[in-house]
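Commentary on secondary and tertiary structure
Letter by letter, the chains look like this.
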Amino acid sequence: MTATHKKTLVWGGGSCLKLTLPYLSRIERQPDYIFEDGDVPALIQDLMPETNPKLAAAAAAADAYVICIGGNHGYRRFELSTLFENTYKLKPLQLIHPTAYICPTAALASPIMVMPMAVIHSYALIGRDCMLNTSSVVEHECRIGDGVHVMGSAVLAGRVTVESYSTIGTNATILPDL
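Below is a summary of the structure that appears in this document. (Residues numbered from 1 in each chain as written. Predicted model: local features only at pLDDT ≥ 70, side-chain atom pairs only at ≥ 80, totals over all residues. Heavy atoms only, no water.)

**So, the layout of surface pockets**
Left-over empty space is what a probe sized like a water molecule reveals as it rolls over the atoms. Applicable threshold: Grid points spaced at 1 Å and placed over the protein atoms alone form the basis of the search, with a cavity being a set where a 1.4 Å probe fits but cannot get out and a pocket an open set showing protein on both sides within 12 Å along at least five of seven lines. Lining residues have an atom within 4 Å of a point. Grid points are joined across faces, edges and corners, and a volume is the space filled by probe spheres set on the points. Polar here means any residue outside two lists: the nonpolar Ala, Val, Leu, Ile, Met, Phe, Trp, Tyr, Cys and Pro, and the charged Asp, Glu, Lys and Arg; Gly therefore counts as polar.
Within this model, the largest pocket holds a volume of roughly 270 Å³. If you trace the largest pocket, you find 14 residues lining it, with G12, C68, I69, G70 and H73 closest to the centre. Considered class by class, the residues forming the lining of the largest pocket number five nonpolar, six polar and three charged.

**A look at the sheet that holds strand β10 (residues 125-126)**
Within a beta sheet, neighbouring strands are joined by backbone hydrogen bonds and run either parallel or antiparallel to one another. For clarity, the cut-off: A pair of strands is labelled paired if DSSP reports no fewer than 2 bridges between them. Strands here are runs of E lasting at least two residues and helices are runs of H or I lasting at least four, both read from the DSSP assignment and numbered beginning at the N terminus.
Pairing within the open sheet is parallel, and its four strands lie in the order β7-β10-β13-β16. Edge positions in the sheet fall to β7 (107-108) and β16 (161-162), since each of these pairs with one other strand and no more. Pairing between β7 and β10: two bridges, direction parallel. When the sheet's bridge partners are listed, L108 is paired in β10 with I126.

**A closer look at the pattern of salt bridges**
The cut-off we apply is this: Each salt bridge in this description consists of a side-chain nitrogen of Lys or Arg and a carboxyl oxygen of Asp or Glu lying within 4 Å of one another. Only protein chains enter the accessibility calculation, which uses a 1.4 Å probe; a residue is then buried when its area is under 20% of its type maximum, exposed when over 50%, and partly exposed in between.
For the structure shown, the criterion picks out five salt bridges. R128 serves as the salt-bridge partner of E85, at 2.5 Å between the closest nitrogen and oxygen. Here E85 is found in helix α3 (residues 74-86), whereas its partner R128 is found in the loop between β10 and β11 (130-132), with 43 residues between them in sequence. Given a relative accessible area of 21%, E85 falls into the partly exposed group. What makes R128 buried here is its relative accessible area of 17%. When salt bridges with common partners are traced through the structure, they connect D37, R76 and E79 into a single cluster.

**Here we look at the side chain of S81**
As a reminder of what qualifies: Whether two residues are in contact is decided by their heavy atoms, any of which lying within 4.5 Å being enough.
Here S81 lies in helix α3. Setting aside its immediate chain neighbours within four residues, S81 contacts Y65, I67, P111, R128 and D129.

**Side note on the side chain of T8**
What counts is decided by this rule: N or O atoms within 3.5 Å of each other form a polar contact, as long as, within protein, one can give a hydrogen and the other can take it, and as long as residues adjacent in sequence are counted only when both atoms are side-chain atoms.
Topologically, T8 is positioned in strand β1 (residues 8-11). Using a relative accessible area of 0% as the deciding quantity, one classes T8 as buried. Among the polar contacts made by the side chain of T8, one reaches the side chain of R29 at a distance of 3.0 Å.

**Section: empty space enclosed by the protein**
Under the definition given, this model contains one cavity of 30 Å³ or more. Considered as a void within the structure, the largest cavity measures approximately 110 Å³ in volume. What lines the largest cavity is simply Y65, V66, I67, R77, S81, L93, P111, I112, M113, D129, C130 and M131. Only β3 (64-67), α3, β8 (112-114) and β11 provide two or more residues apiece to the lining of the largest cavity. Here the lining of the largest cavity takes three residues from β3, the largest share from any one element.

**Focus: helix α2 (residues 53-61)**
An α-helical segment advances 3.6 residues per turn. Residues three or four places apart therefore align on the same side. Short version of the rule: Note: the arc covers the axis-to-C-beta directions of the helix.
For α2, the set of buried residues is L55, A56, A58 and A59. In an axial view of α2, the angular spread of the buried residues amounts to 165 degrees, which keeps them on one side of the axis. The outward face of α2, more than 90 degrees from its buried face, is lined by the exposed residues P53, K54 and A60. Those residues of α2 that are buried lie in contact with β1, β2 (33-35) and α3.

**Observations regarding the sheet that holds strand β15 (residues 155-156)**
Here five strands make up an open sheet; going across it, the order is β6-β9-β12-β15-β18 and the pairing parallel. Every other strand in the sheet has two partners, leaving β6 (101-102) and β18 (173-174) as the edge strands with one partner each. Examined bridge by bridge, β15 and β18 share two bridges and lie parallel to one another. Note that in β18 the partner of V155 across the bridge is T173.

**As for the packing of aromatic side chains**
Going by this rule: Pairing of aromatic side chains requires ring centres within 6.5 Å, counting the rings of Phe and Tyr and the six-membered ring of Trp. Pairs whose planes differ by under 30 degrees are stacked, by over 60 edge-to-face, and all others tilted.
Throughout the structure, instances matching the rule amount to seven aromatic pairs. Ring plane angle 40 degrees and centroid distance 6.3 Å describe the contact between Y75 and F78, whose orientation is recorded as tilted. One end of the pair, Y75, and the other, F78, are both in helix α3, three residues apart, so they sit about a helical turn from each other. Overall, F78 belongs to the partly exposed group, its relative accessible area being 22%. Following the ring pairs from residue to residue traces out a cluster consisting of W11, F35, Y65, F84 and Y88.

Structure representation (structure tokens):
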């Protein structure tokens, strides 16, 4: 597959998709196939190749995926990622804004979305399917589980642990050992 033929499957729309478009463009991708849940999320068994031929055809033509759903939908991001990687054999995209600072000692799982001016400091560990919004700060030695959304300008002080699928609200300050 040549660079000009890379196709991207996108799950989600709305504001999160709008925010993701510049990231995709920066890595020479576009949202080639867009799917999203309606008012009620589809069951994973309804998204399998044998039950959803439209999704199966799009996945067969794509080589990577991105999930554009934020807020308190961390578990949904995680289950969709698992489906796309294990069933459809698509690779996850890491979308990291060029103004974000990520310390070389930090460890980030993929997929992840890191917005402008976010900071991930020394020895922080960030799980898969996380979103770190604009100007959020994850200080030294924090442990962030899978599917966590750290909203804009939230600060996690050093040595904070955040359980999987949590949402940290805008402008929140989270201290260690609470």
